[in-house]
Amino acid sequence: MAITVIEHWRLKREFTGEAFSLMQKMDDLLEDNAHDSPGWAGHARFFQLGGDPSRVMMIYAWDNREDHERLLSSEEPLLTDFVAQYCAADREVEYAEELPVDV
């Protein structure tokens, strides 16, 4: 069963107006790394929070947590410069399992 990954990105305040282009830049840095992983289960969606535009959530499915944790480790060196330049903190990652509520 696939899991849902929720990444929390915290941009520096001066870059909140550039969230779209910065998240595209980040995605371009990691795209091949993620898409070539056996755990890849579909494209991500990005959400900039209205109450705090410095916060961006990235949500996507992944095959399993173990494969995703390996992916995260492989991404760290690719993100070093991006995080240092544009982010106020390192990304935070949460895992969730969807509940099969009938709605």
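Remember, it's a predicted structure, so these values are computed and weren't measured experimentally.

Read from one edge to the other, the open sheet built from four strands follows the order E2-E3-E1-E4, with strand pairing classed as antiparallel. Looking along the sheet, the strands with just one partner apiece sit at the ends: strand E2 (45–48) and strand E4 (92–96). Across this sheet, the average inter-strand angle for adjacent strands is 20 degrees, counted without regard to direction. Relative to strand E3 (residues 55–62), E2 runs antiparallel, the two sharing four bridges. Within E3, the residue paired with Phe47 across the bridge is Met57. Packed onto the sheet, helix H2 (residues 65–86) meets strand E1 (3–10), E3 and E4 and runs at close to 20 degrees relative to E1.

Of the pockets and cavities examined, the largest pocket occupies roughly 220 Å³. Contributions of two or more residues to the lining of the largest pocket are made by helix H1 (19–35), E3 and H2. Residue contributions to the lining of the largest pocket peak at six residues, all from H1. Residue composition of the lining of the largest pocket, grouped by class: 10 nonpolar, three polar and four charged.

Let us look at a nonpolar patch on the surface. A contiguous nonpolar patch, built from Leu99, Val101 and Val103 and spanning about 400 Å² of accessible area, is present on the exposed surface. Structurally, Val101 can be placed in the segment after E4.

Below, the discussion takes up the pattern of salt bridges. Inspection of the entire model under this criterion finds seven salt bridges. Note that Glu7 is salt-bridged to Arg91, the shortest N-O span being 3.2 Å. Within this pair, whereas Glu7 is found in strand E1, its partner Arg91 is found in the loop between H2 and E4, the two being separated by 84 residues in sequence. Across this residue pair, the class does not change: Glu7 and Arg91 are buried.

Basis of the calculations
- Chains are numbered independently. Their residues run from 1 in the order of the written sequence.
- Given that this is a predicted model, residues contribute local features only at a pLDDT of at least 70 and side-chain atom pairs are listed and counted only at 80 or more, while totals for whole chains, interfaces and linings are drawn from all residues.
- To obtain the side-chain values, all non-hydrogen atoms of the structure were included, while hydrogens and water were left out.
- At least two bridges found by DSSP between two strands is the condition for calling them paired.
- Each helix is a run of DSSP H or I of at least 4 residues and each strand a run of E of at least 2, with the numbering of both proceeding from the N terminus.
- To get an axis, a line is fitted to the C-alpha atoms, and for a helix only the part in contact is used. The angle between two axes follows their N-to-C directions and goes from 0 to 180 degrees.
- It only takes one pair of heavy atoms within 4.5 Å for two residues to be counted as in contact.
- In this analysis the probe radius is 1.4 Å and the grid spacing 1 Å, with only protein atoms considered; a cavity is a set of points the probe fits into but cannot get out of, a pocket is an open set with protein on both sides within 12 Å along at least five of seven lines, and lining residues have an atom within 4 Å of a point.
- Grid points are joined across faces, edges and corners, and a volume is the space filled by probe spheres set on the points.
- Gly is put with the polar residues, along with every residue not named as nonpolar or charged; the nonpolar set is Ala, Val, Leu, Ile, Met, Phe, Trp, Tyr, Cys and Pro, and the charged set is Asp, Glu, Lys and Arg.
- Grouping into patches uses exposed residues only, defined as over 30% relative accessible area, and leaves out salt-bridged ones; the cut-off is 9 Å for like charges and 5 Å for nonpolar side chains (Val, Leu, Ile, Met, Phe, Trp, Tyr).
- Surface exposure here means Shrake-Rupley accessible area, sampled with a 1.4 Å probe, where a residue is shielded only by the protein chains that are shown.
- In the sections that follow, a salt bridge refers to a side-chain nitrogen of Lys or Arg positioned within 4 Å of a carboxyl oxygen of Asp or Glu.
- Three labels apply to residues, based on accessible area from a 1.4 Å probe with only protein chains included: buried if under 20% of the type maximum, exposed if over 50%, partly exposed otherwise in between.

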